[in-house]
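Commentary on secondary and tertiary structure
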Amino acid sequence: MTDALRVSSVSHAYGRRKALEAVSFHIPQGSFTALLGPNGAGKSTLFSLITRLFDCREGSIGLFGADLAQSPGQALRQLGVVFQQPTLDLDLTVMQNLRYAADLHGLPRRIAAPRIERELKRMELSPRRGEKARNLNGGHRRRVEIARALIHDPKLLLLDEPTVGLDVPTRKSLIAQIHELCRQDGLAVLWATHLVDEIDPDHDRLVVLHKGRIWAEGEAAGILAANGGSLNDLFSKLAEEEAAA
Amino acid sequence: MSWLICLKGIVWREMLRFLHQRSRLFGALVRPLMWLVVFATGFRAALGVAIAPPYDTYIPYGVYIMPGLVGMVQLFNAMQSSLSMVYDREMGSMRALLVSPLPRWYLIVCKLAAGIVVSILQSYAFLAVAWTFGDDAPPLGYLTVLPALLANGMMLGALGLLLSSLIRQLENFAGVMNFVVFPLFFLSTALYPIWKIQEGSDILANVCQLNPFTYGVELIRFALYGQFDGLSALVVAVAGTVFLVAAVMGYSPSRGLAKLKAT
């Protein structure tokens, strides 16, 4: 089966500072993969390249077999994104934000309207559809962003530290909801985080990014077993390596 | 079809934002009105405007500066759009636009189109208010000016987009007022005819003739009187195209944002 995402030998630098170096990994369809790495590991740069905010100059990125550089439209159609930075238009209502996202993907109204309803219901936002994004709390804003990322029925969902600034119950509920999406709809998910408690060691796949390089990739259980048994041990190991360098 | 839906969505969002920001409409009208009511009244007696095309008789100074003030409305709207692009980029909301599967150049053209629509609405709102002050144009002129507003809106909107692709931080935007807006406006025929400027300084008159905004204003002036100024139309079209191509390059995934991110 074609991978949902295949990143091959990707490097990127900001001037002389290298942010990513020969990064390669893949995400199988329908899997939940956590992209784990401390702050500054290169996660956001990687996301910017996968979403083509800027071009990948070294290496290649493919989404469901479509090369991002050669067929960006085809590749981006498969992709839903929730950025770390909030990207809602605060002056628009929840409904208007979702309609705008549907328009940006060129969805006709007859297709967009039921999908907006579906996502409002799934994210438990129906009662807030008429509220301006500005008046929502952090958790609800995040839900709107996830609903927006799902409007065009992507096959791969990227979330860049989506729980930043949220309280513990909201974080847990959001993670559970995304896992549910993965199981029920067969959506592939790449969840970037630096919080080890957001990873389910028994079911998730793990890509560990450290100092712009892939440090480990595979089933979370296998990686943990090889690195002390727990995610905290793994993070301590990364910290030790950083201190030693 | 999906391209049209995207265009509609971007224009619709810009309209909604414009309607929500009532102070923006208020500001867009008050600024030129201050010039029309206060400045033009003061200068009416001091400044004589000789008969020159497209006018076939002596005209009050208020009538002379009206096309320039329409240009001013469009100029400030373009800079406001540019500012909001920089703000959207800093706040992150532009990312939602840029991950659309449609080509980046098309998204930029859609943003430009949305800005032009708002700019034309503002211009007509100003023309309506100016009409109530007695500074009017021939009735048919309000229709024939539309293509000129479209062309001038395109040129200035593209310039705004280009500036937004070059400006790295919101704080730097203040410089645009000093180094772009004021020179464009004051070194043009918006407030005085070229021959009047020439009486004071040949150099300044030459600078005015190199300023693309001069031609935007003249295009509007002639169009308001049902006439077509070919040279102005050509300059506005060429300048608009150059600005737009540069703006599209500035927002290209291979150039603009990566460079901006590096700072």
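Conventions adopted
Residues numbered from 1 in each chain as written. Chains lettered and ligands numbered in written order. Predicted model: local features only at pLDDT ≥ 70, side-chain atom pairs only at ≥ 80, totals over all residues. Helix = DSSP H or I, 4+ residues; strand = E, 2+ residues; numbered from the N terminus. Contact = placed C-beta atoms within 7 Å. Domains from an automatic or database assignment. Nonpolar A, V, L, I, M, F, W, Y, C, P; charged D, E, K, R; others polar. Expected span 1.5 Å × (residues − 1). Buried ≥ 20, exposed ≤ 12 C-beta atoms within 10 Å, placed from the backbone. Pairing = 2+ DSSP bridges. Core = buried A, V, L, I, M, F, W, Y, C linked by C-beta atoms within 7 Å.

Take the overall build of chain A next. Regarding its fold elements, chain A presents eight helices and 10 strands. Dimensions of chain A along its principal axes, counting C-alpha atoms only, are 55 × 40 × 35 Å. Across chain A, contacts joining residues at least 24 apart in sequence account for 64% of those joining residues at least 6 apart.

All names here are of chain A. What the domain assignment reports for chain A is domain 1 (5–78 + 155–244) and domain 2 (89–153). Taking the mean C-alpha position of each, domain 1 and domain 2 sit 25 Å from one another. Facing six residues of domain 1, the contacting portion of domain 2 comprises four residues. Among the residues making up the side of domain 1 that touches domain 2, the classes are represented as four nonpolar, two polar and no charged.

What follows deals with helix H10 (residues 212–224) of chain B. An α-helical turn contains 3.6 residues, so any two residues separated by three or four positions project in the same direction. All names here are of chain B. For H10, with 13 residues, the first-to-last C-alpha span of 19 Å sits near the 18 Å given by 1.5 Å per residue. In terms of residue burial, H10 counts as a mostly covered element, since 13 of its 13 residues are buried. Taken from the residues just after H10, glycine 226 is the one with a positive phi, measuring 70°.

Residues and elements named next belong to chain A. The backbone of alanine 22 shows a phi angle near 50°, a positive value even though the residue is not glycine. Mapped onto the elements, alanine 22 comes out in strand E2 (residues 17–27). Overall, the presence of 13 C-beta atoms within 10 Å leaves alanine 22 in the partly exposed class. Notably, glutamate 161 is not glycine yet its phi reads approximately 45°, a positive angle. Here glutamate 161 lies in the loop between strand E7 (156–160) and helix H6 (168–185). On the basis of neighbour count, glutamate 161 is assigned to the buried category, with 21 C-beta atoms found within 10 Å.

Turning our eyes to something else, we now look at the pairing of strand E4 (residues 58–63) of chain A. Residue and element names in this part refer to chain A. In this structure, strand E1 (residues 5–14) lies alongside E4, joined through five bridges in antiparallel fashion. Looking at the pairing, arginine 6 lines up with glycine 62 of E4. Sheet topology note: the E4/strand E5 (residues 66–67) ladder contains two bridges and is antiparallel. Looking at the pairing, glycine 62 lines up with aspartate 67 of E5. The turn joining E4 and E5, which pair antiparallel and follow one another in sequence, is formed by two residues; a positive phi near 50° is taken by phenylalanine 64.

Before going further, it helps to spend a moment on the nonpolar core. One finds Ile65 and Ala158 of chain B to be the most contacted residues of the largest nonpolar core, which totals 154 residues. Take this core: its biggest share by element is 14 residues, from helix H3 (residues 61–91) of chain B. Split by domain, the residues of this core number at least three in each of domain 1 (5–78 + 155–244) and domain 2 (89–153) of chain A. Not counting residues within four places of it along the chain, the set of residues in contact with isoleucine 65 of chain B comprises Trp35, Leu36, Ala40, Ala190 and Leu191 of chain B.

Read across the open sheet, the four strands follow the order E2-E1-E4-E5 (chain A); overall the sheet is antiparallel. What marks the edges here is a single partner per strand, and that holds for E2 and E5 of chain A.

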